[in-house]
Each structure stands twice: as structure tokens, then as C-alpha cells.
Amino acid sequence: MRRRWRGAVLGLVIAVVVSGVIAMGSAGTAAAQPVRYTGGTYVAMGDSRASGGFFTPTPDYFLGCKRSAFNYPTIVRVLALSRGFIDLSCAGAVAANLHSAGQPTQAGYKPPQVHLVPRDAQLITVSIGGNDMRWGAILVHCRTAPFTDRFCRSNRAIATQVRDSINRMENRVTPALRAIRRKAPNAQIIVVGIGGFMGTHGCWPMVPISDPDVRWMNQVFNRANGALWRATAKIGGTFVDANRVSAGHDPCNLITPWYESSMSNTIAYPYHINQAGAIAVGAMVNGAIRR
């Protein structure tokens, strides 16, 4: 029964996403000449949004990067019929860990991810920026008790923090993406945006934030994704706006959530994608691949 249910969920999510809720922006550059995807090597890069962060009793989960067995790159690999697959994603990664600095983990040192990208890679997905932006340090100001309001949306100090955080993220992600483009000049590079777990209202205690501040935080992620889109455009990549496409599937949706709530501490990281979310993002990415 459980296998049938999972199969039904997979089919439903893919059908919904592919049938018209794919949102992406792409831009070309003279230096990039991405080839059409024909099933060649696919490389997954990035932080916990790519690695998954939801528990699976597999070796990859315990080898320092919390890499789930059915993260969205694995879904993409299946849907895209990739003949070669390299998953370099690692929970906790910042933009520098993609190209210029190794990442220390509980299971040892991980070299810069770009070092393991083959030059002939045809497809690369990147999920990065959240840890550089440090959105959690913004969100913590907005947490509140039921029927109360922290008014994050009208706090000038927080507005400055948001602006500086987004600028910092863009300035760090841009050179990381350029390094990836130099390593794989003919690859399609698809960058997956951040957000998705803030909807139109809060729901204490899962999302302990006032309704107006939840909507404001959603707009913060839209601004952050604008910065990621600009960085993606500079290297001729494709941007998938997971924040907008995930509308209605935040943790306050108790039937079809794609993200865990603030209370999650064993199933998945708080405010990170769950298994249904991995399937949904995998379908978004698959729909963005140029064949």
C-alpha cells in the first residue's frame, strides 16, 4: 500500500509541475555554448536543498553531507535518463565551497565541489546561496506567540539586514557560478532558487510567524531569487524559481506540503524540502532541461 501511495504521489506531482507550473528565466552569454542534453554526465552541486537533508538510512546520509537517497538530483537523474551521475551536494555548503574553499564536515574534509566536475559534463544543477544569505538570522526576528506580531516588515534595521544579506549572497554566488562555467563550458547549468516554505499565512507552532510577516518573508525570498537569477544570467544558465512554483505547498498545508515546518528535527531539517518536495523540485528541473 505504501509503495502504491508513493507511486501515486510521484505521478501526481510530476503531472502538476510539468503541466504548467514550471517557472524559469534563462539568459544567454556569448562565452557560454550549452549543448542540448542527450543523457550525458549530470553533476549535482550545492547545499542542503540539493543534498536533501531528510533522513534516509543510507551511507551517503552519514558521510558528512546528509545526502538523502532520494534527493531532487536523484529524481532528476531518473527523469532525465542520465547515463552518468555525480552528486557533490553537501549540507552546510556556502558558495565558496563550490569553487575556492574546501568544506569541513563531521566525516572529514570535502574538496571544492568544482574540482570533481568533469569538463564534458552536459548538465549541472546548483542549489546555493541560502547559507551565504543566512536567511535564518532574518527569520528568527519574526518568530512570535499565537495572535501576536513582531512587525518584521516595518523594522528598518531588519530591512537593512535583508538588503545586505542579499547583496552578500549575490556577490558570493556570482564567482562560484563563473568558476563552474569555466570548468564545464558546454554544460547546461540550472540554478534552483531558495524559499518556498513561506506562504500566505502562519500556522502556530509549525510556522510561528504572523500572517503579514510570512507574506513579507515570501517577498524577501523573491528578492533573493532575483539576485540568483542575475548571477545565473551572467553565465548563460537557466534559473528555476522554486519559491514561486512552490506556492501553496508550504508547511501550513497539512495535506501536500513540500517543506518541513520549524518543528521538524528528525524527519528533515526545519524549513527544508521533504520527500514530496524533492520530487516536485526534480520535476521542475527536468522540465527546464533543453533537449
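Data block above holds the structure.
This one's a predicted model, so the numbers in the text were calculated from it and none came from an experiment.

Visitor: Help me understand the state of the cysteines in this model?
Guide: Two cysteines, two sulfur atoms, one covalent bond between them: this is a disulfide. Counted under the stated rule, the structure contains three disulfides. The disulfide that involves Cys-142 links it to Cys-152, with 2.3 Å between the sulfurs. In this structure, the disulfide formed by Cys-142 and Cys-152 twists by about -125 degrees around the S-S bond and is classed as left-handed. Here Cys-152 lies in the loop between α7 (135-139) and α8 (156-183) and Cys-142 lies in the loop between α7 and α8, a separation of 10 residues in the sequence. Across the pair, exposure class does not vary: Cys-142 and Cys-152 are buried alike. One disulfide in the model links Cys-203 with Cys-252; its S-S distance is 2.0 Å. Taking the sign of the S-S torsion, -90 degrees for the link of Cys-203 and Cys-252, the bridge is left-handed. Of this pair, Cys-203 sits in the loop between β7 (188-192) and α9 (211-233) while Cys-252 sits in the loop between α10 (242-245) and α11 (275-288), and the two are 49 residues apart along the sequence. On the basis of relative accessibility, which here comes to 13%, the residue Cys-252 falls in the buried class. Once the bonded cysteines of the chain are numbered in order along the sequence, the disulfide links fall as 1-2, 3-4, 5-6.

Visitor: Looking at this model, I keep getting lost on the packing of α8 against α9. Mind explaining?
Guide: The geometry of α8 relative to α9 is characterised by a closest axis approach of 9 Å and an angle of 25 degrees between their N-to-C directions. The pairing of α8 with α9 is recorded here as roughly parallel in orientation. In this structure, the crossing between α8 and α9 has a hand that is right-handed. Contact residues: α8 offers Ile-158, Val-162, Arg-163, Ile-166, Met-169, Glu-170, Val-173, Thr-174 and Leu-177, while α9 offers Trp-216, Val-220, Arg-223, Ala-224, Ala-227, Leu-228, Arg-230, Ala-231 and Thr-232. In terms of residue class, the contact of α8 with α9 is made up of 12 nonpolar, two polar and four charged.

Visitor: Which parts of the structure should I look at to understand the packing of aromatic side chains?
Guide: The geometry of an aromatic ring pair is captured by two quantities: the separation of the ring centres and the angle between the planes. Counted according to the given criterion, the structure contains 10 aromatic pairs. When the centroid spacing of 6.1 Å and the interplanar angle of 75 degrees are considered together, the rings of Phe-55 and Phe-62 count as edge-to-face. Residue Phe-55 is classed as partly exposed on the basis of its relative accessible area of 42%. We classify Phe-62 as exposed; its relative accessible area is 52%.

Visitor: Is there a simple way to think about the pairing of β7 in this case?
Guide: Each regular strand shows side chains that alternate between the opposite faces of the sheet. Counted residue by residue, β7 has five buried out of five residues, so it is predominantly covered. A two-sided burial pattern is seen for β7, the buried positions comprising Gln-188, Ile-190 and Val-192 on one face and Ile-189 and Val-191 on the other. Judged from the four bridges that link them, strand β6 (residues 123-127) and β7 form a sheet pairing that is parallel. Its bridge partner being in β7, Leu-123 is matched across the sheet by Gln-188. Taken together, the three bridges between β7 and strand β8 (residues 238-240) define a ladder with parallel strand orientation. Looking across to β8, one finds that Val-191 is bridged to Phe-239. As for the winding sense of the linkage, the β-α-β connection from β7 through α9 to β8 is right-handed.

Visitor: Explain helix α4 (residues 72-80) here, please?
Guide: An α-helical segment advances 3.6 residues per turn. Residues three or four places apart therefore align on the same side. Looking at α4, one finds that the buried residues are Tyr-72, Pro-73, Thr-74, Ile-75, Val-76 and Ala-80. Residues of α4 that are buried in the fold lie against β2 (42-46), α2 (48-51), β3 (85-87), β6, β7 and α11.

Visitor: What am I meant to see in the environment of Gln-113 here?
Guide: Mapped onto the secondary structure, Gln-113 falls in the loop between β5 (108-110) and β6. Through-space distance from the C-alpha of Gln-113 to that of Gln-103 is 9.0 Å; in sequence the pair is 10 residues apart. If we ignore the near neighbours within four places in the chain, the residues touching Gln-113 are Met-45, Gly-46, Leu-88, Ser-89, Cys-90, Ala-93, Asn-97 and Leu-98.

Visitor: Which parts of the structure should I look at to understand the nonpolar core?
Guide: Generally speaking, a soluble globular protein has its nonpolar side chains buried in company with each other. Judged by nonpolar contacts, the single largest core of 74 residues is most densely connected at Met-45, Tyr-72, Ile-124, Val-126 and Met-198. At nine residues, the largest contribution of residues to this core is made by α9. The residues contacting Met-198, other than those within four sequence positions of it, are Leu-139, Val-207, Ile-209, Val-214, Met-217, Asn-218, Phe-221, Asp-250 and Tyr-271.

Cut-offs used in this document
- Residues numbered from 1 in each chain as written.
- Predicted model: local features only at pLDDT ≥ 70, side-chain atom pairs only at ≥ 80, totals over all residues.
- Heavy atoms only, no water.
- Disulfide = S-S within 2.5 Å.
- Helix = DSSP H or I, 4+ residues; strand = E, 2+ residues; numbered from the N terminus.
- Buried < 20%, exposed > 50% of the residue type's maximum accessible area, 1.4 Å probe, protein only.
- Axes fitted to C-alpha atoms, helices over the stretch in contact; angles between N-to-C directions.
- Parallel < 35°, antiparallel > 145°, perpendicular 65-115°, else oblique.
- Left-handed = near helix turned anticlockwise from the far one by under 90°.
- Contact = heavy atoms within 4.5 Å.
- Nonpolar A, V, L, I, M, F, W, Y, C, P; charged D, E, K, R; others polar.
- Phe/Tyr/Trp six-rings, centres within 6.5 Å; stacked < 30°, edge-to-face > 60°.
- Pairing = 2+ DSSP bridges.
- Right-handed = clockwise from strand over helix to strand, strands pointing away.
- Core = buried A, V, L, I, M, F, W, Y, C linked by side-chain atoms within 4.5 Å.

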